[in-house]
Structure formats: C-alpha cells, structure tokens
Amino acid sequence: MNVKIEESWKEVLKHEFTKPYFLQIVTHLKTERASGKIIYPPGQLIFNAFDKTPFSILKVVILGQDPYHGAGQAMGLSFSVPDDVPPPPSLVNIYKELNKDIGMPIPSTGNLTKWAEQGVLLLNAVLTVRANEPASHSKIGWMDFTNAVIKKISDEKKGIVFLLWGKFAQEKQVLIDETKHFVLKAAHPSPFSADKGFFGCKHFSRTNELLIKQGIDPINWSL
C-alpha cells in the first residue's frame, strides 16, 4: 500500500507496509474513524517522526510509549507538543535535566522539531491513540511496526545513540546490536519516577560526547 512517509524511510520499511499486521492497523484506524472516534495525532502527523528525521541523517533515538491523548497535544514526535501547548510534566522534567546537564535555559515551547531536524528520531512505540483513552491503540499492531523500525536502524546504521527512559523503553534493548550502537538507560522523566535516576543521568551531554568521538556533529539541544 502507498503509505505517506519520507522517502528514505519508505525504502527502508517498504516490506513492512505490505505485511498483514500493517494492513490490520490501517483497517482498524479507518473503522474507528468511520464510527466517529477521534484519533490523535491527525492523520498527516502519524509519521511525523520519520518525516522530520530522514533515515540518512539519523544520529539519536529517543523512545516514547504512547502519543498524548488530549486535544491538540500529539504531533507525532515523542514527548513533543505544538508551540501553543504548555509542555507536559515529563517534558518539563526533560528540560530540568537539560538545564542541570548542559546549562540550557528552560524553553517556553514544548515543540521538539528542532531536535528531530538534527537527526534525533522522536519515536513513540505506538503511533496513534483514541482521544482521552491512553494506550487505547497499544494492541492494534503498532508495536510490531516500531520494533521493526528499531531493528532496521540497528541492522543498517552504526553508532546510533539510543536513549531508553523507563522500563517500557528498556524492553526494546534486545532489538539493538550493542556492538555497533550505544544504549543509555535511565528512569522515565515522568514526575512519578524522574527522581529515581532520570535527574542526574546527563544523557544529553553524554550523547554529544559519543557523537563527537565518532566525528559526528553534536546535537544542539537548545530550543
């Protein structure tokens, strides 16, 4: 099927789009929309993480779990919200760690597009959600797709820095070849767990150190 996704990813993932599980995702979304369900993010933003971070420029992967389920929040980039939406609690904590780690001033925007455009894949494990129903699409097949994405990155790239925050993200570690990539793990930045190892993890400076050692331009984390 013809999926609207950035061309380099379209080539890398072309075999996934014809598999039964992916066709099942498409059918499920069409059925829910036809029955009047509201689904986030909007259709044109479902693959926004891929569109903003082509396979060719990929340097870092930050793995989230589920899109935001409130109106106007989800924009297809993990942890990110549009400019006119206040940063949610987990993102506020990410900013606090950035401030302590590299001295970055706390931004007023929650829009992380600038990171994505530098090669930071802001990937949620599940790419859609029903309005006001967290994890409502966690079992419709998206995990198969994003697991395939992680495996493709592991197989076809080298030197990628994977940031795995929290137990859910860390379960994806088995998909990553750590002989050719870097995995940094910490607690999730949620207010429920940030003080259990996310604060003080210094993942942003450590990511740039790993990139620089490979002769790769570091990420400018400022927004």
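Residues numbered from 1 in each chain as written. Predicted model: local features only at pLDDT ≥ 70, side-chain atom pairs only at ≥ 80, totals over all residues. Heavy atoms only, no water.

## Focus on the overall build of the protein
Stated precisely, the cut-off is as follows: Only DSSP runs of H or I reaching four residues or more are called helices, and only runs of E reaching two or more are called strands; each is numbered from the N terminus. Between the two quantities, the radius of gyration covers C-alpha atoms and the globule rule is 2.2 Å times the number of residues to the power 0.38. Burial status follows relative accessibility: with a 1.4 Å probe on protein chains alone, a residue under 20% of its type maximum counts as buried, one over 50% as exposed, and anything between as partly exposed. Contacts were defined at the residue level, with two residues in contact if any of their heavy atoms lie within 4.5 Å. Here, Shrake-Rupley sampling with a 1.4 Å probe gives the accessible areas, and only protein chains in the shown set may cover a residue.
Looking only at helices and strands, the protein has eight helices and six strands in total. Computed over the C-alpha atoms, the radius of gyration of the protein is 17 Å, within 12% of the 17 Å expected from 2.2 N^0.38 for a compact globule of 223 residues. A principal-axis box enclosing the C-alpha atoms of the protein has dimensions of 50 × 35 × 25 Å. Here the protein holds 223 residues, and 55% of them are scored as buried. Within the protein, contacts between residues separated by at least 24 positions form 66% of all contacts whose residues are at least 6 apart in sequence. When the accessible surface of the protein is totalled, it reaches about 10,300 Å², and 55% of it is carbon and sulfur.

## As for helix α2 (residues 20-34)
Short version of the rule: Multiply 1.5 Å by the residue count of a helix minus one, and that product is the helix's expected span. This arc corresponds to the set of directions leading from the helix axis out to the C-beta atoms.
The terminal C-alpha atoms of α2, which comprises 15 residues, lie 21 Å apart, in line with the 21 Å expected from a rise of 1.5 Å per residue. Those residues of α2 that sit buried are Y21, F22, I25, V26, L29 and E32. Seen end-on, α2 carries its buried residues on one side only, within an arc spanning 150°. Within α2, the exposed residues directed more than 90 degrees away from the buried face are P20, K30 and A34.

## Concerning the sheet that holds strand β2 (residues 60-64)
Here is the rule we go by: Strands qualify as paired when DSSP identifies two bridges or more between them. To obtain each axis, a line is fitted to C-alpha atoms, and for helices this fit is confined to the stretch in contact; angles are then taken between N-to-C directions over 0 to 180 degrees.
Ordered by their spatial adjacency, four strands build an open sheet running β3-β2-β5-β6, and the pairing between neighbours is parallel. Strands with a single pairing partner mark the edges of an open sheet, and in this sheet they are β3 (120-124) and β6 (182-186). Ignoring strand direction, the axes of neighbouring strands in this sheet form an average angle of 20°. With five bridges connecting them, β2 and β3 associate as parallel partners. Within β3, the residue paired with L63 across the bridge is L123. Helix α6 (residues 142-156) rests against β2, β3 and β5 (161-165) of the sheet, and its axis sits at about 155° to β3.

## Regarding the packing of aromatic side chains
Defined as follows: Only Phe, Tyr and Trp rings are paired, with Trp represented by its six-membered ring, and only when their centres lie within 6.5 Å; those with planes under 30 degrees apart are stacked, over 60 edge-to-face, the remainder tilted. The rule for a charge over a ring is simple: NZ of Lys or CZ of Arg within 6 Å of the ring centre, and within 35 degrees of the ring normal.
All chains considered together, the criterion is met by 19 aromatic pairs. Their ring planes at 85° and their centres at 6.2 Å tell us that F22 and W142 sit as a pair that is edge-to-face. On the criterion of sequence distance, the pair formed by F22 in helix α2 and W142 in helix α6 is long-range, its members being 120 residues apart. Members of the aromatic cluster, joined through ring pairs, are W9, F17, Y21, F22, F47, F50, F55, W142 and F145. The cationic tip of K100 hangs over the ring face of F199; the distance from NZ or CZ to the ring centre is 5.2 Å. The side chain of K157 reaches across the aromatic face of F55, ending 4.8 Å from its centre.

## Points about the pattern of salt bridges
Any two side chains of opposite charge can pair, so long as their charged atoms come close to each other. Applicable threshold: The working definition used for a salt bridge is a side-chain nitrogen of Lys or Arg within 4 Å of a carboxyl oxygen of Asp or Glu.
Following the criterion strictly, the structure yields seven salt bridges and no others. Between K152 and E156 there is a salt bridge; the shortest N-O distance is 3.3 Å. Of this pair, K152 and E156 both sit in helix α6, separated by four residues, roughly a single helical turn. What makes K152 partly exposed here is its relative accessible area of 23%. Where K167 meets E171, a salt bridge forms, and the shortest distance between an N and an O atom there is 3.0 Å.

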